[in-house]
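Descriptive structure summary
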Amino acid sequence: HPLMAVSCRYVILLGAPGAGKGTQAQVLQERTGLVQVSSGDLLREQVRQGTELGRKAKELMDRGELVPDHVVIGMILERVQPCDGVAGYMLDGFPRTTAQAVALDRALEARGGRIERVLYIEVPDEELVRRLTGRWSCPQCGAVYHEVNSPPKGAGVCDRCGATLAQREDDRAETVRTRLAKQRPPDALIAYYEGRSVLRRVDGTRGVDEVSAELERALGT
């Protein structure tokens, strides 16, 4: 493979579910020209196209197994090569572990690239639970409410049809806490990037515009 252009920027966006990562990735893409690369989207695309990689990945996922790191890294490197016409790439959803981070660094270095900045949107667990829980829906007419953001006029009763509201299993606090424990960026990964002096922590509890502005400052744009 030819070496990647040195001017190409490689950035990683980290954050737990509910931290606003998806929203901020879109804003950053528009404002900085960095192209968002989601490992999950790439995998789904390979599966959809029925490529050799996609077929292998589908077999593994159907068996409930994880796709090996080297396969995901290979797929990412293919997507970010070459860097013509774009400012750079923003990786979302990968790496998830220190081993993946080390492997990604080695693969990028072999091609003349490097991770320049890791943006970590920090939100305390209690706030994440508040954001991710509290959603209730009407089993009759399908209206959706949120305890904090858009509560019904009468507690537990649908404004539209008067039916009793219900809560989905994955919107309950216990379920959300379990999910957060699994999907939050691990401390070891944060420490790895801090050790390489590329990590910038951004307070994700503020408004979307404030978070966007701080992320841009952290990028140096």
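Here goes a summary of the coordinates provided. (Residues numbered from 1 in each chain as written. Predicted model: local features only at pLDDT ≥ 70, side-chain atom pairs only at ≥ 80, totals over all residues. Heavy atoms only, no water.)

1. Side note on helix 1 (residues 21–32)
Quick reminder of the rule: Runs of H or I in DSSP of at least four residues are treated as helices and runs of E of at least two as strands, each being numbered from the N terminus. Expected helix span is given by 1.5 Å per residue-to-residue step, counting one fewer step than there are residues. For the exposure calls, accessible area comes from a 1.4 Å probe over protein chains only, and a residue counts as buried if that area is under 20% of its type's maximum, exposed if over 50%, partly exposed in between. The arc refers to the directions leading from the helix axis to the C-beta atoms. We call two residues in contact whenever any of their non-hydrogen atoms come within 4.5 Å of each other.
The end-to-end C-alpha distance of helix 1 is 16 Å, a good match for the 16 Å that 12 residues give at a rise of 1.5 Å each. Buried within helix 1 we find Lys 21, Gln 24, Ala 25, Val 27, Leu 28 and Thr 32. Down the axis, helix 1 shows its buried residues gathered within 170° of arc, on one side only. Packing partners of the buried residues in helix 1 comprise strand 1 (9–15), strand 2 (34–38), strand 3 (88–92), strand 4 (117–122) and helix 9 (208–219). Phi turns positive, to about 80°, at Gly 33, one or two residues after helix 1.

2. Re the pairing of strand 2
Across a regular strand the side chains alternate sides, sitting on one face of the sheet and then on the other. Heads up, the rule is: A pair of strands is considered paired only if DSSP assigns at least 2 bridges between the two.
Counting buried residues in strand 2 gives five out of five residues, a clear majority hidden from the surface. Here strand 2 shows two buried faces, one formed by Leu 34, Gln 36 and Ser 38 and the other by Val 35 and Val 37. Where strand 2 and strand 3 come together, five bridges link them in parallel fashion. From the neighbouring strand, Leu 34 faces strand 3, where its bridge partner is Gly 88.

3. Thoughts on the nonpolar core
Threshold: Working definition of a nonpolar core: buried Ala, Val, Leu, Ile, Met, Phe, Trp, Tyr and Cys residues. They are joined through side-chain atoms within 4.5 Å.
Grouped together as the largest cluster of nonpolar side chains are 34 residues, with contacts concentrated most on Ile 12, Leu 14, Tyr 89, Leu 104, Val 118 and Tyr 193. Counting only elements with at least two residues in this core, the list comes to strand 1, strand 2, helix 2 (39–49), helix 4 (69–79), strand 3, helix 5 (98–110), strand 4 and helix 8 (187–195). Per-element accounting of this core gives the leading share, six residues, to helix 4. With residues up to four places along the chain from it excluded, the contact list for Val 118 reads Ile 12, Leu 14, Tyr 193, Val 198, Leu 199 and Arg 200. Core analysis: the second largest hydrophobic core is formed by 21 residues, Ala 25, Met 90, Leu 128 and Leu 215 among them.

4. Here's the deal with the sheet that holds strand 1
This is how it is decided: An axis is simply a line fitted to the C-alpha atoms; with a helix, the fit covers only the stretch in contact. Between two such axes, the angle follows the N-to-C directions and lies from 0 to 180 degrees.
Here we have five strands laid out as an open sheet, ordered 2-3-1-4-7, and parallel in their pairing. Unpaired on one side and paired on the other, strand 2 and strand 7 (199–203) mark the two borders of the sheet. This sheet shows a mean twist of 25° between the axes of neighbouring strands, independent of strand direction. In the packing of helix 2 onto the sheet, contacts are made with strand 2 and strand 3, and the angle to strand 2 comes to roughly 65°.

5. Regarding the packing of aromatic side chains
Put simply, the rule reads: Here a pair means two rings of Phe, Tyr or Trp (six-membered ring of Trp) with centres within 6.5 Å. Their orientation is stacked below 30 degrees between planes, edge-to-face above 60, and tilted elsewhere.
On inspection of all chains with the given rule, the structure shows two aromatic pairs. Here Tyr 10 and Tyr 89 contribute two aromatic rings whose centre-to-centre distance is 6.4 Å and whose plane-to-plane angle is 20°, an arrangement assigned as stacked. Taken together, the residues Tyr 10 in strand 1 and Tyr 89 in strand 3 connect sequence positions 79 residues apart. Each member of the pair, Tyr 10 as well as Tyr 89, carries the same accessibility label: buried.

6. Some thoughts on the pairing of strand 3
In terms of residue burial, strand 3 counts as a mostly covered element, since five of its five residues are buried. Burial along strand 3 is two-sided: Gly 88, Met 90 and Asp 92 facing one way and Tyr 89 and Leu 91 facing the other are all buried.

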